[in-house]
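# Residue-level structural notes
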Amino acid sequence: MTDVARFLSSYPAYVSTSALDELRASEYGRLDARGTVYLDYTGGGLHADSQVREHAALLGAQAFGNPHSASPTSTAMTDAVERGRAKVLEYFNGTGEYTAVFTLNASGALKLVGESYPFEPGGRLLLTVDNHNSVNGIREFARTKGATVDYAPLTTPDLRIDRPAADALLARADPAHANLFAFPAQSNFSGVKHPLDLIDAAHARGWQVLVDAAAFVPTNRLDLRLVSPDFVAVSFYKMFGYPTGVGCLLIRNTAIATLRRPWFAGGTVNFATVQGRGHVLAPREAGFEDGTLNYLSIPAVEIGLRHLERAGIDTIQTRIGCLTGWLLTELQALRHGNGRPVVRLYGPATSEDRGGTVTMNFYDADGALLDFRRIEELAGRDGISLRTGCFCNPGAGETAGDLTEDDMRAGLAEGADLTLPRFLQVMQQRGGKSLGAIRVSLGLASTIADVDRFLQFASGFRDQTSSAVGALTIDDANCRVIRDGS
Ligand SMILES: Cc1ncc(COP(=O)(O)O)c(C=O)c1O
């Protein structure tokens, strides 16, 4: 039996998603035309050809001006922006209950909450160790305003939120103060889907809840009638590739008055005076959208959401579940001739309650860790695009790599010169621990052929020694320009 035949007999549901193979051929043909294996959907989704064509046709048919004025070109743009906003709310089933604020990206949405949240002494910010840095960064606003910051730990090796520990931390809130709990619906490091019932559990204990849905919504349905976080952050390019430069903060209408903007800008005020040194903030989304929106791109959000609806988010989720299950099984089965594993996976070993993001490190036949940057380099030569580093999620990386507070302090002692490559050198001197890994992530246009190509690449490391794999050919010094991202 071929590998693909074995896959199909293990995951018969994959056949029910064959419409996505047709979509791959008709809309993403540039991948196969160039032999590209794209495995970085958590970094960024890919756009369908028709999304760009439809957007270009719209821009070509009409003149659009800066919105929010009375001219015909401005009104046309205002209408298109508001149609986009309405579509976003409809897509997430939040119409009437939520307000959609357009931002630059998910980080912009998270920052809006961080800078506007009324942190205060006596109040709390609870984060999970598994969080993107754009959520971790909110702790700086909380600290500055005197709130207590805590982290809920992860279990190992599954990298799931330690529920008893999280419950104990949630129980510490004083409801007389503002308390914010922020967690990702899906980890961008391990692919773990964290339980959304944490939202109700936190509400019941006096917290408001910020869900970072950036890595979750590209392959899962988020229905705001079923779960009711106070704030949700997303980036649209992660969902459907195009446009970049537009994200969204969804604010539950009952939570909007909690946020207090620390400044005002063009577009956010109904009135402002210089002599009177005062301003009146605009209500709802307008009070949060600083300056001129990326207005020409917003109609492409509506086009992208319709594309996702046509593809079918449930079909995508089914396909990702099949491909991820297969990838995990095959990677774990990959052994050197002496029985040692080729790959160490981080996070859950099965596809249950996890998405299509799979993070790992490679080891040689003697059990020596292979440099993840070298693996990325070799993958690139095979036309495979994957991502390495710690993916802007240091907490999950530290837990996965058994790094201690002392290890991190040794890195921080490097001061302003500290970069990820420099940190790796420091860890080499401290016994060879690694903060960093290889991540492959699947999405809308992924096929079994993509997964198979990666598995073939991985099996090429069987019985290899680290000297045969070779060292990174780019100088470490050059790595300074490669920042850890996404
Ligand atoms: C879970 C998660 N949150 C937030 C972000 C930040 O998204 P952006 O860079 O689009 O602001 C990312 C990006 O990878 C992510 O995966």
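Our subject in this report is the structure included herewith. (Residues numbered from 1 in each chain as written. Predicted model: local features only at pLDDT ≥ 70, side-chain atom pairs only at ≥ 80, totals over all residues. Heavy atoms only, no water.)

### Concerning the state of the cysteines
Keep this limit in mind: Note on terminology: disulfide denotes any pair of cysteine sulfur atoms within 2.5 Å.
A complete count under the given rule lists 0 disulfides for this structure. In this model cysteine 392 remains outside any disulfide bridge; the closest cysteine sulfur is found in cysteine 390, 7.1 Å from its own.

### Observations regarding the site of the ligand
What counts here: In this text, near means that some heavy atom of the residue lies within 4 Å of the molecule or strand in question. Under this definition, polar contacts are N or O atom pairs within 3.5 Å; protein pairs additionally need one hydrogen-donor-capable and one acceptor-capable atom, and for neighbouring residues in sequence, both atoms have to be side-chain atoms. Only the protein chains shown count as cover for residues, and all accessible areas are computed by the Shrake-Rupley method using a 1.4 Å probe. What counts as a helix is a DSSP run of H or I of at least four residues, what counts as a strand is a run of E of at least two, and both are numbered from the N terminus.
Around the ligand, a shell composed of 13 residues is seen, among which Ser107, Asp212, Ser235, Tyr237 and Lys238 lie nearest. Serine 235 is positioned such that a nitrogen or oxygen atom in its side chain is 2.6 Å from an oxygen atom of the ligand. With respect to the ligand, the side chain of tyrosine 237 contributes an N or O atom lying 2.6 Å from an oxygen atom. About the coverage of the ligand: the protein hides 94% of its 390 Å² of free accessible area. When contributions to the shell around the ligand are tallied by element, the ones reaching two or more residues are helix H6 (106-116) and helix H11 (236-240).

### Overview of the side chain of asparagine 136
Note the cut-off: The classification of residues rests on relative accessible area computed with a 1.4 Å probe and restricted to protein chains. Under 20% of the type maximum is buried, over 50% is exposed, and intermediate values are partly exposed. Note on contacts: a residue pair qualifies if any of its non-hydrogen atoms lie within 4.5 Å across the two residues.
Summarising the element assignment, asparagine 136 is placed in helix H7 (residues 133-136). For asparagine 136, a relative accessible area of 6% gives the class buried. There is a polar contact of 2.8 Å between the side chain of asparagine 136 and the side chain of tyrosine 151. Contacts of asparagine 136, omitting those with residues within four sequence positions, involve Leu127, Asn131, Tyr151 and Pro394.

### Points about the sheet that holds strand E8 (residues 247-252)
In plain terms, the rule: By the convention used here, strands pair only if DSSP detects at least 2 bridges between them. To obtain an axis, a line is fitted to C-alpha atoms, over the contacting stretch when the element is a helix, and the angle between two such axes runs from 0 to 180 degrees between their N-to-C directions.
The sheet built from 7 strands is open, its strands ordered E2-E8-E7-E6-E5-E3-E4 with mixed pairing. Edge strands, defined here as strands with exactly one partner in the open sheet, are strand E2 (98-103) and strand E4 (148-152). Strand-to-strand twist of the sheet, defined as the mean angle between neighbouring strand axes without regard to direction, takes the value 20°. Here 5 bridges tie strand E7 (residues 231-235) to E8, and the two strands are oriented antiparallel to one another. Along E8, the bridge assignment pairs serine 235 with glycine 247. In the packing of helix H9 (residues 163-170) onto the sheet, the strands contacted are strand E3 (124-128), E4 and strand E5 (179-184), and the crossing angle to E4 comes to about 160°.

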